[in-house]
Amino acid sequence: MTGQQSEGDRKHPVDETLPPFKMFTSGLQHVAAMYAGVVAPPMIVGPACGLSAAETAFLMGASLFTAGIATLLQTLGFWKVGAKLPFVNGVSFAGVTPMVAIGKAQSPDDALPIIFGAVIVAGVLGFLVAPYFSKLVRFFPPVVTGTVITLIGVSLLPVAFNWSQGGNERAPDYGSLTNIGMAALTFVIVLVLRRVLRGFLQQIAILLGLIAGTLIAIPVGITHFSALSQASLVGFPTPFHFGAPQFDIAAIVSMCIVMLVCMTESTADMLALGRIVGRPADERTIEGGLRADTLGTALSPLFNGFANSAFAQNIGLVAMTKVRSRFVVATGGLILIVLGLCPVAASVISLVPLPVLGGAGIVLFGSVAASGIQTLASAAMEKGDNALIVAAAVGIGLIPIAAPDFYHHLPKDLLVVLDSGISTGCLVAIALNLAFNHFGGKTADGDAGDVGDAGDATTADPPAAVGHGGPAPAAAPAH
C-alpha cells in the first residue's frame, strides 16, 4: 500500500476544498473583484426611482445579499439547479437601462414594486425554459452576444458622464470644474492602477480607485456622510421593503428580454469557465447553471434585489490564480450575504461622490463595451452578413442614447422596451442572425451549409461574457 490515491479516486480541482484560511482569503478576493459591480446597478436604479441616499444604501445591501444567495445556488446547487462550477453571480447590468426607464415612467411609490414584479415573472419563465434554452446555444453565436454586450456598455456610458458632472442637473455645481476635475482624476488613477498593479491588486483597481478618489474628495468638500450616520450596524433586507410586487405587462416584456440576454451571457460564461477549469460545460451543466441564474433572479425581489447574471472578471480571476475550487467561490457567496446583513458596510459605498464614481464608471462601462468588441472579433465579420447584422442592431440600439425622444409619439407601454437600446438591439440581432445565418440556409460564416451548425457557440472558444460587474483581465476576455 503506497497510500496514494488512484486517478479515479482523486477529486477534480473544481470539487476540492482548501484549508480554511486560504478558502476565506481566496473567497474574499472574489468578492473584492466584483463588489463595485454589484453595488453600481442599485446606485443607478435607486435615484431613478426617487430613492433617498439611505434607501439607495438599503438597496445596495439587498443586492449584496441576493448576489450571495445566487452564487451559492450556482456553486453548491441542489437537484438540477446549479452549474457547480466556480461561477460568481451578481446583479446584471443588462437590466439597468430598462429598469431606469420603468422608474422614470412610474410614480416613485410604484416604480420598484413594478420592477420587482417584472423580475419575478422573468425569473420564473426563465427557470421553466432553461432546459430548452440550453439546447439553443447554437442560435446565439458571437455576432449576437458581442452586439448585445457592446450595447450594454455604450448604453451605460451616459450614466457615467452624468455622474461625472454631479448627477443632478438642477444642482448649481452641475458640470462644475470641481466635479469634472474629480472625475478626471479618478479616471486617471484607475488607469494607472490597472497599468502598474499586478495580480489581486490589479483585479480591484476600480475599487482602489474609488477609495483613493473618495479620500481626495473629502478635503474638496464633495463627500457626504449622511447615509452612513443613519445606517445601523446589523440589519436584514426586509421582504418587499418597498411594497408588494405589481405586475405590468410592458415591464414584464422588457424584463423577459433582459432575462434572455442574461441567459445568453451566462451560457457564454459557462462555456469559457468550463474550459478554464478543465471541466467542459455540457448541455446538462448549462441547464443547471441557467436554472440557478433564473431561480436566483426570481427569489431576489423577495429581498429587494434584481436580476442576476455571471461576473466575467471572476472567471478571469480563476484563470489567473489557478484556484479552481467551487467552494472558494461559495465562501465568497457567504461573505456577500454577511455584507448584505450589515447596512453600515453597504452605506460606506454611498460615501463615494458621484463625480468620483463617474470617473471610475467611464472605465467600468467602457470595459464592458470593449469586451463586446472582443467578442465580435471572433464573429467572422469579414464573411457573409455578420457585419450587416451588427450594423443594424447597433444602429437601432443606439437610438435611445443618441435621440432620447425618438419614440415619444408611440404608446407609453411600448416605450419601456423601445427606450432600452439593449433590449431593442438584442431583438434585432437575434432576428437578423436567424434570418441571415439560419433560415437563409447559410452558416454564421456566410457559406452555404448545414443550418444546424450556424453560429454554434459550442464549437468555438468564445470569450467569456461580461458579467457587467466591470473590466475583466486579459486572461479571460469579458462577455
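Relevant structure appears above.
Points about helix H10 (residues 249-277)
Its 29 residues place the ends of H10 41 Å apart at the C-alpha level, agreeing with the 42 Å of an ideal helix rising 1.5 Å per residue. Within H10, 23 of the 29 residues are buried, which leaves it mostly tucked inside the rest of the structure. The backbone nitrogen of Ala250 lies 3.3 Å from a side-chain oxygen of the residue at the head of H10, namely Asp248.

Looking at the pattern of salt bridges
Taken as a whole, this structure holds four salt bridges when the rule is applied. The partner of Arg279 in a salt bridge is Asp15, and the shortest N-O contact between them spans 2.6 Å. Highlighted residues: Arg279 in the loop between H10 and helix H11 (283-299) and Asp15 in the segment before helix H1 (20-48), separated in sequence by 264 residues. Linking Asp15 and Arg326 is a salt bridge whose minimum nitrogen-to-oxygen distance equals 2.8 Å. Note that Asp15 is positioned in the segment before H1 and Arg326 in helix H13 (residues 326-340), a separation of 311 residues in sequence. For the pair shown, Asp15 and Arg326 are each scored as buried. When salt bridges that share partners are traced, they join Asp15, Arg279 and Arg326 into one network.

Remarks on unusual backbone geometry
The phi dihedral of Trp79 is positive, around 50 degrees, even though this residue is not glycine. When you line up the elements, Trp79 lands in the loop between helix H2 (53-75) and strand S1 (89-91). In the Ramachandran plot, Lys84 falls in the positive-phi region, its phi being about 55 degrees despite a non-glycine side chain.

Here we look at the environment of Glu55
Along the chain, Glu55 falls in helix H2. Between the C-alpha atom of Glu55 and that of Phe242, which follows or precedes it by 187 residues, the distance is 9.4 Å. Once residues lying within four places of it in the same chain are set aside, the contact partners of Glu55 are Gly50 and Phe242. Only 3.0 Å separates the side chain of Glu55 from the backbone nitrogen of Ser52, close enough to count as a polar contact.

Parameters and conventions
Residues numbered from 1 in each chain as written. Predicted model: local features only at pLDDT ≥ 70, side-chain atom pairs only at ≥ 80, totals over all residues. Heavy atoms only, no water. Helix = DSSP H or I, 4+ residues; strand = E, 2+ residues; numbered from the N terminus. Expected span 1.5 Å × (residues − 1). Buried < 20%, exposed > 50% of the residue type's maximum accessible area, 1.4 Å probe, protein only. Polar contact = N/O pair within 3.5 Å; in protein donor to acceptor, adjacent residues only side chain to side chain. Salt bridge = Lys/Arg side-chain N within 4 Å of Asp/Glu carboxyl O. Contact = heavy atoms within 4.5 Å.

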